[in-house]
Protein chains: 2
Amino acid sequence: MPYFDAASTAPLHPVARQALLAALDEGWADPARLHRSGRQARMLLDAARETVAEALGARADEVSFTSSGTQALHSGLLGALRGHRRRGSHLLHSAVEHSAVLHTAERWAADGGSATAVPVDRHGRVSAAEFAAALRPDTALAVLQSANHEVGTLQPVAETAELLGGVPLLVDAAQSAGRLPVPAGWSLLTASAHKWGGPAGVGVLAVRKGVRFSSALPADEREGGRAPGFPNVPAIVAAAASLRAVRAEAEAENARLRELVDLVRHRVPELVPAVEVVGHPELRLPHLVTFSCLYVDGEVLLTGLDRAGFAASSGSSCTSSTLTPSHVLAAMGVLTEGNLRVSLPAGTTRAEVDAFLEVLPRVVAEVRAPLGLDLALPGSGPADGSADGPAGGSAAALVIDTLGKRCPVPIIELAKRVGEVAPGGLVAVLSDDEAARHDIPAWCGMCGHSYTGEAPAAEYGGGHGTAYLVTVRG
Amino acid sequence: MPYFDAASTAPLHPVARQALLAALDEGWADPARLHRSGRQARMLLDAARETVAEALGARADEVSFTSSGTQALHSGLLGALRGHRRRGSHLLHSAVEHSAVLHTAERWAADGGSATAVPVDRHGRVSAAEFAAALRPDTALAVLQSANHEVGTLQPVAETAELLGGVPLLVDAAQSAGRLPVPAGWSLLTASAHKWGGPAGVGVLAVRKGVRFSSALPADEREGGRAPGFPNVPAIVAAAASLRAVRAEAEAENARLRELVDLVRHRVPELVPAVEVVGHPELRLPHLVTFSCLYVDGEVLLTGLDRAGFAASSGSSCTSSTLTPSHVLAAMGVLTEGNLRVSLPAGTTRAEVDAFLEVLPRVVAEVRAPLGLDLALPGSGPADGSADGPAGGSAAALVIDTLGKRCPVPIIELAKRVGEVAPGGLVAVLSDDEAARHDIPAWCGMCGHSYTGEAPAAEYGGGHGTAYLVTVRG
């Protein structure tokens, strides 16, 4: 079964498996103990630390192993924030960081700190200048990912680092470590082994010599006081061995996967009507492509692909347990419905991608067929996510009540009925689904209509929820 | 090589290894994903949760998997304390809990809370009544281990739980889970898979339905919001499988190991002069025995045993990176020098224990031979750890200056020269080694002398440090 969800977790690299088995025999004991088994575990742990440090451009004594990338982010952010309290308590991060960063920022703000999310452009990329302009005198830490985990866009890390004037920068390299060189300029660096083909249970937190750090959790003597608890030596050994292996293969594999991803990027809009490919067209990860399909429920799409034998993932709200759409897609102002992330693991073949390109149009068409919609779009017009000004009272030519209905129903209803309204007329879509806030403007951008803003649904006869206002294209 | 350090980490159970290998193939994907590989991982994770819950007497939805026993303790303590803030901010725990508990208590107190350590008796056991008497109106959480990790003493958990009157009790079952039934009365329960023969990287945190809990770390959707980060499904599967396996073998194996431990408990004092076996003689773990050897450096002892092919561990200060003796031995008021913990893994044979009993006296004798001490003690007299009252000024008949010298030198010097002083005379030992504070009173108890208290070394001609005062036995 072709597995196109490497960005969630990569299949275990054969080298990782081999190293894990060997280290279960040789490195199972407590590396803090003085006996032979303990010393042996210690030697393996030290060697793994050297390997990972070398691969990431760090010193061995800068590297701590955590139990996940999430733990590395939590500990790294909170430890650096606590260590730099004298600077202040402001945290600066991009709007498209991993949810572990956003959760930490929320917690930090709730506990009395403050946090600013720097917006991204429609490709999901921050501007280094805009990022730096958001610095405050009390900024204690800046956080920027090397590449986005949902759309693959590379961030201008080195460029941004140069503008930070002494504020430490934590770089989340989870999606790029092992694939691409680590960008220059980090003060703290995090990564996650299972993203590069290592086993689950191993994260990396590197802290540059001299960067202040004060552990947020009660510390013990393990991992330089930065990651408490019994270390998982066999998994760490496997993580290091596979990092070395994937780095050695990276250049050739990146070139191969980039070609396959280019194929998907170019063929999908030709094969599937009403699709928006998102993420930066050039500055992106080699193995990952994301697109959204109008009028399609993300979960239905995943299920259809799964039945056809393809594993992928989605940032659509209907696929998340919180029923909110991906914060990355929302921050980009792109469509969140019918979203599909295709991330190719090492070894993906052209035949697998060809098979996917054959199956996808059929799956999407099957979902859309019952809707009876005209799918011919006037081409992806210029993005128009900005409101044209507040809409006047009840001037709508058409009110579409989708209250209580979930993504993608509001968009489907809008698409079905927008033809009833004359060019320049106003359509009000009443919705209480959070996804509509992102998807209706995105749909307008795709179809050439003008998104005109929002108002309380009550102004258009709805009891609760929001009225999203669309001016029909002329 | 006989491995007698199961309390640090047990060798991987064959069932764990087998389950881990299978789950690397079947459960490597992200259990939060909707595709087939994800659903498969999810099913394995759910089944493992059922197994562990059943083994621990919990409901599946009460069990979260953490990345270590330490993480389970940190998260469990802080989550319960935060969840019960309305009660107050006082934490009650025994003085002999795992260092992860003590570290958390220190952090909690530094952050504005308060913590009380309930003392233990000379066997390392708390009294349920004394524990309950330390409750305060603002006590938010009580913590008590099922059994001590250094000396094996069982704690009166169920008895204590009944006296807590609604204050939630966190039970650290790391040393007993899989071996002994979980004691009744817990509100939160923690354990660590690598202690029962599971792999590293898996801790258990169970929280009884209805017990308030507010995660101290930024939470995500994983593990009921109690253990953020990508779950290590293969290791969790292996942990559950091995827990089931060791439970099935526990009764027979406990009986077998208890006999071997009894052998060590009885033979060591016969074979090695000047030894104190510590921990409760009856209420104890079946597989663990701890003793201390007078006049011996713990690290030298471990090294000698390691050379002879035996792996064990020690709570002596010279074996810890902080150079402080085990807080457990210190709280018990027993000798910390020359300390050896022998913890037998499943499958230990009589022949291995016999070999150990042959090697140990030789190793100890080799260390002691150059000292030229009389090792015939007047039998372990009644413990006399209490001071007989403040000592008067410079009334010492003998001052022994060991300033700048580390454990076990102060005791060796004392033992060598105590014969110079007439019965009833006062000896002052000057020392700046933290271990002396515990070991000199313990030595007095073992040799029948009276420990008479401490005074500034300056009163006895020393520049800094402490004078430990001993009244020679009559």
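These figures come from a predicted structure and were not determined experimentally.

Engineer: Break down the side chain of Arg226 of chain A for me, citing the residues and quoting the values.
Structural biologist: Residue and element names in this part refer to chain A. Along the chain, Arg226 turns up in the loop between β7 (203-207) and α7 (233-271). For the buried Arg226, no salt bridge is present, and the opposite-charge side chain at shortest range is Asp61, 7.7 Å distant. Excluding residues within four positions of it along the chain, Arg226 makes contact with Glu62, Ser64, Ser75, Leu205, Val207 and Phe213.

Engineer: Run through the state of the cysteines, naming residues and quoting values.
Structural biologist: All names here are of chain A. Within this structure, the stated rule accounts for 0 disulfides over all chains. Looking at the unpaired Cys447, the closest cysteine sulfur is the one in Cys444, lying at 7.6 Å. Judged by relative accessible area, which is 3%, Cys447 ranks as buried.

Engineer: So what's going on with the sheet that holds strand β10 (residues 339-343) of chain B? Residues and values would help.
Structural biologist: Residue and element names in this part refer to chain B. Sheet architecture is open: 3 strands sit in the order β8-β9-β10, paired in antiparallel fashion. Bordering the open sheet on either side are β8 (275-278) and β10, each of which pairs with just one other strand. Between one strand axis and the next, the sheet turns through 25° on average, direction left out of account. Together, β8 and β9 (288-293) form the strand contacts of helix α7 (residues 233-271), whose direction differs from that of β9 by roughly 15°.

Engineer: So what's going on with the interface of chain A and chain B? Which residues, and what values?
Structural biologist: In this complex, chain A contributes 59 residues to the contact, which on the side of chain B involves 59 residues. Note on chain A versus chain B: buried area summed over both sides is about 4700 Å², and carbon and sulfur give 60% of it. Summed over the three residues of chain A that lose the most area to chain B, namely Arg107, Pro218 and Phe230 of chain A, the buried surface amounts to 13% of that side. Where chain A touches chain B, the interface holds 6 salt bridges.

Engineer: Quick rundown of the packing of helix α8 (residues 298-307) of chain A against helix α10 (residues 350-368) of chain A? Include the residues and the values.
Structural biologist: Residue and element names in this part refer to chain A. Where α8 meets α10, the axes come as close as 10 Å, and the angle between the chain directions of the two elements is 135°. As summarised for this structure, α8 and α10 are arranged oblique, according to the angle between their axes. The hand of the α8/α10 crossing is right-handed. Counting all contacts with α8, which are made through Val300, Leu301, Gly304 and Leu305, the residues of α10 involved are Phe356, Val359, Leu360, Val363, Val364 and Val367. Considering only residue class, the contact of α8 with α10 consists of 9 nonpolar, 1 polar and no charged.

Engineer: Explain the UniProt feature "coiled-coil region" (unreviewed entry) in chain A to me, using residue names and the numbers behind them.
Structural biologist: UniProt tags residues 238-267 of chain A as "coiled-coil region" (unreviewed entry). As annotated, residues 238-267 of chain A comprises 100% helix and 0% strand, and the C-alpha atoms at either end are separated by 37 Å.

Engineer: An account of the relation of the copies chain A and chain B is requested, with residue identities and associated values reported.
Structural biologist: Both copies of the chain are related by one operation, a rotation about an axis with a shift along it. Rotating chain A by 180° and moving it 0.0 Å along the rotation axis overlays it on chain B with an RMSD of 0.1 Å. With respect to symmetry, the two chain copies, as superposed, fit the operation of a two-fold axis. When the interface residues of chain A are mapped onto chain B, 100% of them again fall at the interface, so both copies present the same face.

Engineer: Can you explain the environment of His266 of chain B? Please cite residues and give values.
Structural biologist: Mapped onto the elements of the fold, His266 of chain B is located in helix α7. In the structure, His266 of chain B is positioned 28 residues away from Leu294 of chain B in sequence and 17 Å away in space, judged by C-alpha atoms.

Engineer: Before we move on, can you summarise the pattern of salt bridges with the specific residues and values?
Structural biologist: Two side chains of opposite charge can pair, provided their charged atoms sit close to one another. Using the criterion set out here, one finds 43 salt bridges over all chains in the structure. The salt bridge involving Asp5 of chain A is made with Arg33 of chain B; its shortest N-O contact spans 3.6 Å. Taken together, the residues span two chains, with Asp5 of chain A in the segment before α1 (14-26) and Arg33 of chain B in the loop between α1 (14-26) and α2 (36-56). Given the relative accessible area of 0%, Asp5 of chain A is considered buried. Accessibility expressed as a relative area gives 26% for Arg33 of chain B, which makes it partly exposed. A salt bridge links Glu420 of chain A to Arg417 of chain A, with the nearest nitrogen and oxygen atoms 3.1 Å apart.

Engineer: Can you explain the side chain of Gln71 of chain A? Please cite residues and give values.
Structural biologist: With respect to the secondary-structure elements, Gln71 of chain A resides in helix α3 (residues 69-83). Overall, the relative accessible area of 8% leaves Gln71 of chain A in the buried class. Those residues in contact with Gln71 of chain A, other than ones at most four positions away along the chain, are Thr66 and Gly76 of chain A together with Gln71 of chain B.

Engineer: How would you sum up the packing of aromatic side chains? Please name residues and give values.
Structural biologist: All names here are of chain A. For the structure shown, the criterion picks out 8 aromatic pairs over all chains. Ring centres of Phe4 and Phe356 lie 5.6 Å apart, and the angle between their planes is 75°; on these two criteria the pair is classed as edge-to-face. Here the residue Phe4 occupies a position in the segment before α1, and Phe356 occupies one in helix α10, the gap between them amounting to 352 residues. The exposure class assigned to Phe356 is buried, which follows from its relative accessible area of 1%. Seen from the ring of Trp186, Arg208 lies directly overhead, with NZ or CZ sitting 3.8 Å from the centre.

Engineer: Which residues make up the confidence of the model for chain A, and what values go with them?
Structural biologist: Confidence in the prediction for chain A averages 93 pLDDT; 96% of positions are at 70 or higher. Taken together, the stretch residues 379-392 of chain A has pLDDT below 50 and engages in 27 contacts with residues farther than four places along the chain or on a different chain.

Engineer: Pulling in residues and values, what's your account of the packing of α1 of chain A against α7 of chain A?
Structural biologist: Residues and elements named next belong to chain A. It is the contact of α1 with α7, at a shortest axis distance of 8 Å, that shows an interaxial angle of 150°. One finds that α1 runs roughly antiparallel with respect to α7. The interaxial crossing formed by α1 with α7 has right-handed handedness. From α1, Val15, Ala16, Ala19, Leu20, Ala23 and Leu24 reach across to α7, where they touch Pro234, Ala235, Val237, Ala238, Ala241, Ser242 and Ala245. In terms of residue class, the contact of α1 with α7 is built from 12 nonpolar, 1 polar and no charged.

Thresholds applied
Residues numbered from 1 in each chain as written. Chains lettered and ligands numbered in written order. Predicted model: local features only at pLDDT ≥ 70, side-chain atom pairs only at ≥ 80, totals over all residues. Heavy atoms only, no water. Helix = DSSP H or I, 4+ residues; strand = E, 2+ residues; numbered from the N terminus. Buried < 20%, exposed > 50% of the residue type's maximum accessible area, 1.4 Å probe, protein only. Lys, Arg positive; Asp, Glu negative; His and termini not counted. Salt bridge = Lys/Arg side-chain N within 4 Å of Asp/Glu carboxyl O. Contact = heavy atoms within 4.5 Å. Disulfide = S-S within 2.5 Å. Pairing = 2+ DSSP bridges. Axes fitted to C-alpha atoms, helices over the stretch in contact; angles between N-to-C directions. Buried area = accessible area lost by both parts, 1.4 Å probe. Parallel < 35°, antiparallel > 145°, perpendicular 65-115°, else oblique. Left-handed = near helix turned anticlockwise from the far one by under 90°. Nonpolar A, V, L, I, M, F, W, Y, C, P; charged D, E, K, R; others polar. UniProt positions renumbered as here; feature names shortened; annotations may be inferred. Least-squares fit on C-alpha atoms with pLDDT ≥ 70 in both. Phe/Tyr/Trp six-rings, centres within 6.5 Å; stacked < 30°, edge-to-face > 60°. Lys NZ or Arg CZ within 6 Å of the ring centre and 35° of its normal. pLDDT = per-residue confidence, 0-100.

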